[in-house]
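Summary of the model geometry
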Amino acid sequence: MSIGQSLFAATLAGTLALAVSPAASQTLRYANQGDLKSLDPYTLNESTTHAHLGHVYQGLTARDKDLKIIPALAESWETPEPTRWRFHLRKGVKFHNGDPFTADDVVFSADRVRKKGSNMQTRLAADVKVVKVDDYTVDFVLPSPNPILHNAWDVWYIMDKKWAEENNVVDPTPVAATTPSYASLHENGTGPFIIESHQPGVKTVFKANPNYWGKVEGNLKEIIFTPIASDATRVAALLSGEVDVIEPVPIQDISRVDSSPNAQVLKGPELRTIFIGFDQMRDELLYSNIKGKNPFKDARVREAFYKAIDIELIKTRVMRGLSTPSALMIAPELFALSKSFTRPKFDPDGAKKLLTEAGYPDGFEVTMDCPNDRYVNDAAICQAVVGMLARIGVKINLLAQPKAQYFAKVLKQGGYQTSFYLLGWTPSTMDSHNVLYDIMGCRDDAKSSRGEANLGGYCNKEFDTITDKVLVETDPEKRNQLIKEAYEIGMKDWSYIPLHQQALAWGVSKKVNLPQRADNLVMFHWATKKE
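What you see is a predicted model, and the numbers here were worked out from it, not measured in a lab.

Across the junction of E247 and P248, the peptide omega takes the value -5°, indicating a cis bond. Positionally, P248 belongs in the loop between β11 (245-247) and α6 (254-258). Even without glycine at this site, Y416 takes up a positive phi of about 50°. Looking at the element boundaries, Y416 is found in the loop between α11 (403-410) and β16 (420-425). Relative accessible area serves as the criterion here: at 3%, Y416 is assigned to the buried category.

With that out of the way, let us pick up the nonpolar core. In terms of nonpolar packing, the biggest core is built from 82 residues, with F305, I314, F420, L422, M440 and Y487 touching the most fellow members. Ranked by residues supplied to this core, first place goes to helix α10 (residues 378-390) with 7 residues. Those residues within four positions of F420 in sequence are excluded, and the remaining contacts are I276, G277, F278, F296, F305, V366, T367, M368, D369, L389 and I396. Formed by 60 residues, the second largest nonpolar core is a distinct cluster that contains V128, I158, W506 and V522.

Moving on to the UniProt feature "domain: Solute-binding protein family" (unreviewed entry) in the protein chain. Mapped onto this structure's residue numbering, the UniProt feature "domain: Solute-binding protein family" (unreviewed entry) falls at residues 68-444. Strand forms 24% of residues 68-444 and helix 25%; the C-alpha atoms that close the span are 32 Å apart.

For strand β1 (residues 26-32), the tally of buried residues reaches 6 of 7 residues, placing the bulk of the element in the interior. Taken together, the 7 bridges between β1 and strand β10 (residues 220-227) define a ladder with parallel strand orientation. If you follow Q26 over to β10, its bridge partner there is L220. Of the strand pairs in this sheet, β1 and β11 are connected by 3 bridges, and their pairing is parallel. In the strand pairing of β11, A31 is matched with I246.

Attention now moves to the sheet that holds strand β7 (residues 137-141). Here we have 4 strands laid out as an open sheet, ordered β4-β5-β7-β6, and antiparallel in their pairing. In the strand order of this sheet, the two ends are held by β4 (74-81) and β6 (129-134), each with one partner. Looking at each pair of strands side by side, their axes are set apart by 25° on average, direction ignored. Along the sheet, helix α2 (residues 103-113) contacts β5 (84-89), β6 and β7; its crossing angle with β6, the most-contacted strand, is approximately 175°.

Conventions and cut-offs
Residues numbered from 1 in each chain as written. Predicted model: local features only at pLDDT ≥ 70, side-chain atom pairs only at ≥ 80, totals over all residues. Heavy atoms only, no water. Helix = DSSP H or I, 4+ residues; strand = E, 2+ residues; numbered from the N terminus. Buried < 20%, exposed > 50% of the residue type's maximum accessible area, 1.4 Å probe, protein only. Core = buried A, V, L, I, M, F, W, Y, C linked by side-chain atoms within 4.5 Å. Contact = heavy atoms within 4.5 Å. UniProt positions renumbered as here; feature names shortened; annotations may be inferred. Pairing = 2+ DSSP bridges. Axes fitted to C-alpha atoms, helices over the stretch in contact; angles between N-to-C directions.

Here you go:
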């Protein structure tokens, strides 16, 4: 299989079997547990945000229903030489305000996405030179070959240079910004929908773009998004017909929705891995009763935490069977040699012994950061972890909060203010290198984007050396062996605690036909609805 193509089409859930025929003007109402905080496409590297903004913004590439890379704002591309990629841009495309799309916008977007404040810096390395050849041709010049350069560009959305300059949004809006920028409240993309109004925390209204350059499969003319944090309220809205689609369906309500006459749950495997991380960088934890040192710098403590967590209990009690326990920081569909790895066994007695050996016979106290509206049963998972770690003498002070506040605190722009945390990650490239570089790479905020999502600062230089070899290796078998070697180092270091891949669960009206992708991006330009 070639790198950058779909590696797992067979794992994707099919579309709803209900056949619907396109109709006249259609409005679809959608509710999610989380909010759309910012319309700036570089503020937050999060799949739900990417999905919302993917209706109005576009990248040079896109992904189809099977996650195969396809042309978007670039009609085609080639590599005239191993370190040069040439992209031929689509002509006749206009931004929503009427400005023409040209190479200048690509060069501008390449600069903006790499600026301070962007949460999307890993989409394009700082040492890549972006050169305008002519109005509709752009070269990307690399210091070394990168066969997966464009794999994550479907959600690197291109912005209008002129519009950004006119509205004083040349710089990205940081996720921790307390004052919204013009770009966080307004959009100007090239996509099939226009945002008519945006009230953060209340409602966002999308209208079909009458001047869209492409062809839209669906028949929707309007999408109304409303954040509904309450599980019970969200499900009630679906069952009553007040909304047409909800995401996610709470696990405990799946059978109830499936047995209703007017809605059903669209289920499938998801490629996101939920995991737990530790602050391994600071000499003293920000939030702990241990002063003068950092317990998580000791691998025995990290191993103890890992072995104290009963992943099967989380699967059966918290996730009700709708999760796949993971030994790795990546879904098995995305790494051919994943079966070579086995998750260490639950061993609370061994964990307690390790803590004693590390000098903490009575345990210690630490705060755990956790979102409560981002992943399936996220707060419940964290609460279960609190109880499990209590058995080995560790007191966890759980700070569970909405994702807007959570991300503003723990991400780079917030200063990585966390000691112990839960996070989920879907590799944007659908490839292990993204995990090895973004999540597990040594953090060097001043020199590169490596480790940008490595909130706890895990670092192993040997690991990074292998990661760099993975990037340039074009032989699939040799590349997989390098990836395997890197994951082995990460496991030996007890770098993270991978938990599981959660299952997709979208509640969908039987009037709606909606394809489901394993990256959990809910894309409505494919949707059709009948009355």
